[in-house]
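# Architecture at a glance
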Amino acid sequence: VELHSSDPAFGGFSSMTLDRDGRFTLLNDGGNWLRMRLDSNWQVQQAQTGTLPGGPGTGWRKAERDSESMTRDPETGARWVGFESANEIMRYDDDFTRSTGWVQPIAMAEWPENGGAESMVRLHDGRFIVLSETGNWPHAKGRAAICFSGDPVAAPNRGFRFAYRPPKGYSPSDAVELPGNRLLVLNRELSLRRWFTAKLTIVPIAAIAPGRLVTGREIASFESPALHDNFEALAVTHEKGRVVIWIASDDNQSLFQKSYLLKFALPLPPR
C-alpha cells in the first residue's frame, strides 16, 4: 500500500503499532500520528490524525520533535514514545490525549543526538528493549542497547546494558517481539550506490544479558531488484495461524521517496 496526503505534516513515519482489532497507529518524526484501518480492498478507512500532547518540542517537524520509536501495552493501551535527539522516553494514554510521564534515562544520556532511541519494544513479560541507532557500546563492538526491567518511565534505573551487532554497514531502525521468545529487528543502510536498503534479523531474547554482545540471524534483505526504501517501522500480528509482519517506510517528507506499508507472512525459522 502506498499512502498519500497533501498535508505537509504527513509522512516521515518511523514507528507503528497494530492493535488486535486491526487499527494501525503510525507515528512520524515530527510527533504527528495517523490512525486508520485497511478494508478488504486495501483502501484506507476511518483515518484520524493528531499531534502528540507534549514532548521535547511543540512543532510538527522532525527538528522540533524527532519522535522515532513507539511501543504499546496491549492490555492497558499505554504507549511509550522515544525521542531520539533528546534521549527521552514519554508515556501516553492509548489515544494520545495526554502524557502520563516522561524520563531521560541516565544510561541513554551519552547516546548520539541523531542516533538515540530509534527502536523500542515492550516484551510480553513487561520488560523493555531500547536500541540506539548509531551509538556504540562497549568498545565500538555493537550498538548500545538497554533492557529495562519494567516501565522505563516508572523505573529508569532498573535493568542492564548490552550491545546489538547489526549486519555490516546497517543500523537498527525498529524491533518487535515474535512468538518463541524472539526479537525481530529491522536494520537499514543508506549508501550512494544502493540508496536505502534493509535487512531483517532475528535475535533470541534469551541471549540478551548484562554486558553481552548479541548478533541477529539474517532472514530477509530488501534491495534491488526487490522493493526497497527507507524502511523504519515494524508491527506484528497473527492471521489464520500465521505470523504476519507489516513494514512501513519513512519518506522523509521528500518528493523522491514514498510512504509504503508492506505486508508479509513470516514462516518462522527453527529456534
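I will try to describe carefully the structure that is included in this document. All of these numbers come straight from a predicted model, not from anything done at the bench.

## What about the pattern of salt bridges?
According to the stated counting rule, one finds 19 salt bridges in the structure shown. For the salt bridge of Asp151 with Arg91, the shortest nitrogen-to-oxygen distance reads 2.5 Å. Pair noted here: Asp151 is in the loop between β12 (143-148) and β13 (159-165) and Arg91 is in strand β8 (residues 88-92), with a separation of 60 residues, a long-range link. Taking the relative accessible area as the measure of exposure, Arg91 reaches 17% and is therefore buried. Between Arg188 and Glu118 there is a salt bridge; the shortest N-O distance is 3.6 Å. Of the two residues, Arg188 sits in strand β15 (residues 182-191) while Glu118 sits in strand β10 (residues 117-122), which places them 70 residues apart along the sequence. Across the pair, exposure class does not vary: Arg188 and Glu118 are buried alike. One continuous salt-bridge network, built from bridges that share partners, spans Asp19, Arg23, Arg35, Arg72, Arg79, Asp94 and Asp95.

## Some words on the sheet that holds strand β6 (residues 67-72)
In space, the four strands of this open sheet follow the order β6-β7-β8-β9, with antiparallel pairing throughout. In the strand order of this sheet, the two ends are held by β6 and β9 (99-103), each with one partner. Strand-to-strand, the axes of this sheet are offset by a mean angle of 20 degrees, without reference to chain direction. Pairing geometry for β8 and β9, over four bridges, is antiparallel. Bridge pairing in β9 places Tyr92 opposite Ser99.

Cut-offs used in this document
- Residues numbered from 1 in each chain as written.
- Predicted model: local features only at pLDDT ≥ 70, side-chain atom pairs only at ≥ 80, totals over all residues.
- Heavy atoms only, no water.
- Salt bridge = Lys/Arg side-chain N within 4 Å of Asp/Glu carboxyl O.
- Helix = DSSP H or I, 4+ residues; strand = E, 2+ residues; numbered from the N terminus.
- Buried < 20%, exposed > 50% of the residue type's maximum accessible area, 1.4 Å probe, protein only.
- Pairing = 2+ DSSP bridges.
- Axes fitted to C-alpha atoms, helices over the stretch in contact; angles between N-to-C directions.

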